[in-house]
Amino acid sequence: MAFFCPTNGVQHKGKDKTPPVMIVVCDNTDIAELFYRKISGEEILSNGNDDDEELNDDEEISSKKKKKKKKDKIVYGNGLLFPEMLSNSVNFSPTLRIDSKLLAQAESEDPNASKKDIANQLREVVATIGKIGKPGEQVRCVVSVQMLTEGWDANNVTQILGLRAFSSQLLCEQVVGRGLRRMDYTINSDGYFNPEYVDIYGVPFSVIPFRGRKSTAKAPEDRPLNHVRALEERQQYEIKFPIVEGYAFALKQNLISANVKGMEKLVVEPARNPTATFVKPQVYYEFGAPQGKNPFSYIEHDRSEYYENNHLQTIIFEISRRIVTDLTSSNGEQSLKFQLKSRQQLFPQVLKFVQEYVNTKIDFRGVDPREIGLEIYAEQIVERLMNAIEPDTSQGEPPLLPILNRYRQIGTTSEVNFKTVKRTVFTSRSHIDQVVCDTKSWEEITVLQLERAKEFVKCYVKNDHLEFTIPYEYLGASHAYVPDFIVKLIDNSSLILEIKGQEDDIDRAKYDAAKRWIRAINNWGKLGTWKFHVCHDPQSLFQELSLLLSNLKNEETK
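Residues numbered from 1 in each chain as written. Predicted model: local features only at pLDDT ≥ 70, side-chain atom pairs only at ≥ 80, totals over all residues. Heavy atoms only, no water.

With that settled, the discussion passes to the side chain of Asp-392. Relative to the helices and strands, Asp-392 resides in the loop between β18 (390-391) and β19 (401-404). Within the buried set, Asp-392 has no salt-bridge partner at all; the shortest N-O distance to an opposite charge, 7.9 Å, is to Lys-352. Every residue in contact with Asp-392, bar those within four places of it in the chain, is listed here: Leu-255, Ile-256, Ser-257 and Glu-397. (Helix = DSSP H or I, 4+ residues; strand = E, 2+ residues; numbered from the N terminus. Buried < 20%, exposed > 50% of the residue type's maximum accessible area, 1.4 Å probe, protein only. Lys, Arg positive; Asp, Glu negative; His and termini not counted. Salt bridge = Lys/Arg side-chain N within 4 Å of Asp/Glu carboxyl O. Contact = heavy atoms within 4.5 Å.)

Below is the structure:
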């Protein structure tokens, strides 16, 4: 039996304060009293009655005598089982006995408390075992007699000791069931809950199917969990955000716009998608290293024939056609005639955007520009421009608006409450008390920069268990982008902050989707102004925030 819990309930800041609990199930109250005394070190010494002491009331009842009963004396000592953890004292009672005999004999220092009230107080202690701030918070060992067989939902039972006969399967299942509630619901890197075990002694498993830990297997490391949660005393640092599932794209005059200049670039990667290869004809099996006796030479296979048969303008027209199809097919209620009319008006506008993007935003890395005709590049261009295209509000079109989750439209930092074994760093200007460190250093550096940037930052939160995501598509599949931080700036605007070192095309697709999210949310306007920023070096975050705010002030003065 292994108990991890500091002595006398002293806990480290930010650590999980729920101690493990052992249950001792006894056959009768006499055995329960004996084990309770041996484990807790607590003993009740009876003083009996003093017949010589009399109390006189009034003259009318002077002949009557009342005997004053002296209260039993409680003596504390060291128990025989983990005395530093399970021994009771005046101010610390980690071991609890609960049975019918104890409830009948219950006494209290409060002269106005009835036996029923005292019994209810004991039951409340049992019902709140493992709950922080409740009467049962300190309890680590429960000695009982048939009092915990059903209706008890403590989730921190790690040891069960049976000291009675178990004559039925139902009784076995009831007792064992006290240890089958999970303590932690954090999903691990494999997408599953970490296994949890309960040590059970004295309960016959011949009638209960079970799966235990292999006897040769090493027990999991029993290290304390970090309890990451929102603090009530930091309510002024609460951050709210919308939960977006899509976008409302409506056109009245079929006039669209796109800020191609502000889009992320697309990089053609011949290292991942080679433009040529070399093959060597073979007419027999060859083993080992290549030998010179094969008379055939290597022949280059490339895409020269594809380049000859396809012009760049043809590829651009095809990409434009696909974008127009996606724009017009999004509304299933449109008639065919209206769809054809829309395409006729939309195609020249889309073609202009595609041409500008190909000429200014694609890094061809020295290969033929007709490489963008490959599906992997064509699909990315379509998705990037679909994120950039929006109704032209300057011409009277309705703005792009978000479609919010119908059940939970607004998320908040006040709902964060989870446990983790990962390393954490504490905060002082965030609604959440700790930031989980998923990497070696950048979380610590980012938190340090945000904490010291008091003239730029009001508060911040790491996007961990917030359920804040941005929808986007990549190569035809729908995904959810999870940014790193949300920062509330000094001007009351909200900043989506991404910390990224090396980035690839899927990251740039996320950034374009985030910019579309920003435009839609700012058009919606119910949670203030939002911005998006990518920081490639957390050490320079302080300077980047300063520059970001100064640029925003300059834009407002123009």
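That covers the picture; the talk isn't over yet.
Attention now moves to the sheet that holds strand β28 (residues 494-499). Taken in spatial order, the 4 strands make up an open sheet running β24-β27-β28-β29, and their pairing is mixed. Every interior strand has two partners, whereas the edge strands, β24 (457-462) and β29 (530-535), have only one. Neighbour-to-neighbour, the strand axes of this sheet turn through a mean angle of 25°, independent of strand direction. Sheet analysis places strand β27 (residues 485-489) next to β28, joined by 4 bridges and oriented antiparallel. The residue of β28 that forms the bridge with Phe-485 is Leu-497. Lying over the sheet, helix α10 (residues 442-452) contacts β24, β27 and β28, oriented at roughly 160° with respect to β24. (Pairing = 2+ DSSP bridges. Axes fitted to C-alpha atoms, helices over the stretch in contact; angles between N-to-C directions.)

Okay, the packing of aromatic side chains next. This structure, assessed with the given rule, holds 9 aromatic pairs. When the ring of Tyr-306 is compared with that of Tyr-307, the centres are 5.7 Å apart and the planes differ by 55°; the resulting orientation is tilted. Centroid distance Trp-442 to Phe-485: 6.2 Å. Interplanar angle 70°. Geometry classified as edge-to-face. One end of the pair, Trp-442, is in helix α10; the other, Phe-485, is in strand β27, with 43 residues separating them in the sequence. Ring pairing ties together the aromatic residues Phe-241, Phe-468, Trp-517 and Trp-530, which thus form one cluster. (Phe/Tyr/Trp six-rings, centres within 6.5 Å; stacked < 30°, edge-to-face > 60°.)

Turning our eyes to something else, we now look at the nonpolar core. Ranked by size, the top nonpolar core spans 35 residues in total, and within it Phe-468, Ile-470, Ile-486, Ile-496, Trp-517, Trp-530 and Phe-532 carry the most contacts. Contributing elements (two or more residues each) for this core: β12 (244-248), β24, β25 (470-474), α11 (505-524) and β29. If one sorts the elements of this core by residue count, α11 sits on top with 8 residues. Once residues lying within four places of it in the same chain are set aside, the contact partners of Phe-468 are Phe-241, Pro-242, Asn-463, Tyr-481, Val-482, Pro-483, Ile-486, Ile-496 and Trp-517. Counting 31 residues, the second largest nonpolar core, distinct from the first, contains Val-350, Leu-351, Ile-381 and Ala-388. (Core = buried A, V, L, I, M, F, W, Y, C linked by side-chain atoms within 4.5 Å.)

Attention now goes to α11. With 20 residues, α11 extends 29 Å between its outermost C-alpha atoms, agreeing within 8% with the 28 Å of an ideal straight helix rising 1.5 Å per residue. Residue Gly-525 follows α11 closely and has a positive phi angle near 75°. (Expected span 1.5 Å × (residues − 1).)

Further remarks concern the sheet that holds strand β6 (residues 95-98). Taken in spatial order, the 5 strands of this open sheet run β6-β7-β1-β8-β9, and their pairing is parallel. Two strands lie at the open edges of the sheet, namely β6 and β9 (199-201), each paired on one side alone. Across the sheet, the mean angle from the axis of one strand to that of its neighbour is 15°, orientation sign disregarded. Of the pairings in the sheet, the one linking strand β1 (residues 21-26) to strand β8 (residues 157-163) comprises 6 bridges and is parallel in character. Bridge pairing in β8 links Ile-23 to Ile-160. Contacts from helix α1 (residues 29-40) reach β1, β6, β7 (141-144) and β8, with the element oriented near 170° to β6.

Right, let's talk about unusual backbone geometry for a bit. A positive phi is found at Leu-475, a non-glycine position, where the angle reads about 55°. Mapped onto the secondary structure, Leu-475 falls in the loop between β25 and β26 (477-481). The phi angle at Asn-492 is positive, at roughly 70°, despite the residue not being glycine. Judged by relative accessible area, which is 47%, Asn-492 ranks as partly exposed.

Taken together, the side chains of Ile-44, Ile-74, Tyr-76 and Val-90 define a hydrophobic patch exposed on the protein surface, amounting to about 380 Å² of accessible area. Inspection of the secondary structure assignment puts Val-90 in the loop between α2 (83-86) and β6. You can call Val-90 exposed: its relative accessible area is 66%. (Patch = residues over 30% accessible without salt bridge, like charges linked within 9 Å, V, L, I, M, F, W, Y side chains within 5 Å. Areas by Shrake-Rupley, 256 points an atom, 1.4 Å probe, with all protein chains shown as cover.)

Geometric descriptors of this kind do not, in isolation, establish any biological role.
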